[in-house]
Amino acid sequence: MLGWLRKRRHAGAIPESLWRAMLAHYPFLASRPENELLRLKELSAQFLGSKEFHGANGLVITDGVALAIAAQAVLPVLHLGLAWYDDFVGIVVHPAEVLARRTETDETGVVHHYDEVLAGEAMERGPVMLSWADVDSAGRTAEQGYNVVIHEFIHKIDMRDGAPDGCPPLRSRAARQAWLAVMQAEYQAFREKVIIAERFGGEPPWLDSYGATSIDEFFAVACEAYFVNRQRFDVEFPALSPLLDSFFCPSAATGS
Ligand SMILES: [Zn+2]
């Protein structure tokens, strides 16, 4: 099934028909300005040339599957470059969500076993795992600000300087402190809304309540919405938009 992709090193650019079909499936990509789309296509081709896709549980990696993942994965690094993803090559794609067995030892030394349902997973200096069902439905779920590919690749960016902490690698300690001050405040506010909704039946906030788990999950969840539903994100999180711009789109943020 790997037609063009298998020959991609010789084929060069992504075939136009394949590119157009992908864009038609993901309106949040198609609606971006023409210059960004050109860059997106270029980076997607480089991404496909440098990563290895593996299908799991019977999922076949077609050109369309690989391109859909590549185009969404490169969106966060459109202005930063692919070097941000150079610590790994493998991308494992399952047909749907995966049930993962977890073991956790609590502070009293008791070991707990539990199952976790995963739409994706990112490992430090390791591969990214994705559920194709979730990747495939990203055009529809952009309305809710949901995007599994962006979520996992934000974790990869966050983990480039160690354990995920809701802050990407930044130039200085001061920049890091300034970033975390905003992120922490927004995370706490989101967390409170989720708690009120769950305990007292308040209106649940926009975005996946999973973002209330920890600050690094909040960062990943917020970035999903920032990249796939910017209009609503600006209204819901006005303090986060300029912060994320300063990292993901530095030239636009400084007005140069
Ligand atoms: Zn996560």
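Residues numbered from 1 in each chain as written. Predicted model: local features only at pLDDT ≥ 70, side-chain atom pairs only at ≥ 80, totals over all residues. Heavy atoms only, no water.

S.K.: So, the overall build of the protein: which residues are in play, and what are the values?
M.R.: Assigned secondary structure in the protein consists of 13 helices and six strands. Taken over the C-alpha trace, the protein has a radius of gyration of 19 Å; the compact-globule value for 256 residues is 18 Å, and the two agree within 12%. If you line up the protein on its principal axes, its C-alpha atoms span 55 × 50 × 35 Å. Within the protein, the fraction of its 256 residues that count as buried is 48%. In the protein, the proportion of contacts linking residues at least 24 apart, taken out of those at least 6 apart, comes to 64%. Element-wise, carbon and sulfur atoms account for 54% of the exposed surface of the protein, whose accessible area totals about 12,700 Å². The centroid of the 23 positive side-chain charges in the protein is displaced by 7 Å from the centroid of its 34 negative side-chain charges. (Helix = DSSP H or I, 4+ residues; strand = E, 2+ residues; numbered from the N terminus. Rg over C-alpha atoms; globule rule 2.2 N^0.38 Å. Buried < 20%, exposed > 50% of the residue type's maximum accessible area, 1.4 Å probe, protein only. Contact = heavy atoms within 4.5 Å. Areas by Shrake-Rupley, 256 points an atom, 1.4 Å probe, with all protein chains shown as cover. Lys, Arg positive; Asp, Glu negative; His and termini not counted. Charge placed at Lys NZ, Arg CZ, Asp CG, Glu CD.)

S.K.: Give a detailed account of the coordination of the zinc ion, specifying residues and quantitative values.
M.R.: Protein coordination of the zinc ion is provided by H151 (NE2), H155 (NE2), E217 (OE) and E217 (OE), with donor distances spanning 2.0 to 2.7 Å. Here the zinc ion is ringed by four donor atoms whose angles at the metal span 53 to 145°, and the overall shape comes out irregular. Along the chain, the residues donating to the zinc ion are arranged with the sequence spacing H-x3-H-x61-E. A residue pair is termed long-range when its members are at least 10 positions apart, and H151 in helix α8 (residues 148-158) and E217 in helix α10 (residues 215-228) qualify at 66 residues. Each of the two residues, H151 as well as E217, counts as buried. (Donors = N, O, S within 2.8 Å, 3.2 Å for Na, K, Ca; no water. Tetrahedral: all angles 85-135°; square planar, octahedral: opposite > 155°, others 65-115°.)

S.K.: Let's hear about the side chain of S131: which residues, and what values?
M.R.: As for its placement among the helices and strands, S131 is situated in strand β6 (residues 128-131). From its side chain, S131 meets the backbone nitrogen of E97 in a polar contact 3.5 Å long. (Polar contact = N/O pair within 3.5 Å; in protein donor to acceptor, adjacent residues only side chain to side chain.)

S.K.: Provide a residue-level description of the nonpolar core, including the pertinent values.
M.R.: With 76 residues, the main nonpolar core has F47 and F248 as its most contacted residues. Considering every element that reaches this core, the biggest residue donor is α10, with eleven residues. Not counting residues up to four positions away in its chain, the partners in contact with F248 are P76, H79, L80, I154, I157, F219, C223, Y226 and F227. (Core = buried A, V, L, I, M, F, W, Y, C linked by side-chain atoms within 4.5 Å.)

S.K.: Help me get a handle on unusual backbone geometry, residues and values and all.
M.R.: Within the chain, R125 stands out as a residue other than glycine whose phi angle is a positive 55°. Here R125 lies in the loop between β5 (120-122) and β6. The phi dihedral of L207 is positive, around 90°, even though this residue is not glycine. By relative accessible area, which is 10% here, L207 ends up buried.

S.K.: I'd like to hear about the pattern of salt bridges, residue by residue, with values.
M.R.: Evaluated as defined, the whole model comprises 14 salt bridges. The closest approach of N and O atoms between E121 and R102, which form a salt bridge, is 2.7 Å. Placement of E121 in strand β5 and of R102 in strand β3 (residues 98-105) is noted, with a sequence separation of 19 residues between them. What makes E121 partly exposed here is its relative accessible area of 23%. Residue R102 is classed as partly exposed on the basis of its relative accessible area of 23%. (Salt bridge = Lys/Arg side-chain N within 4 Å of Asp/Glu carboxyl O.)

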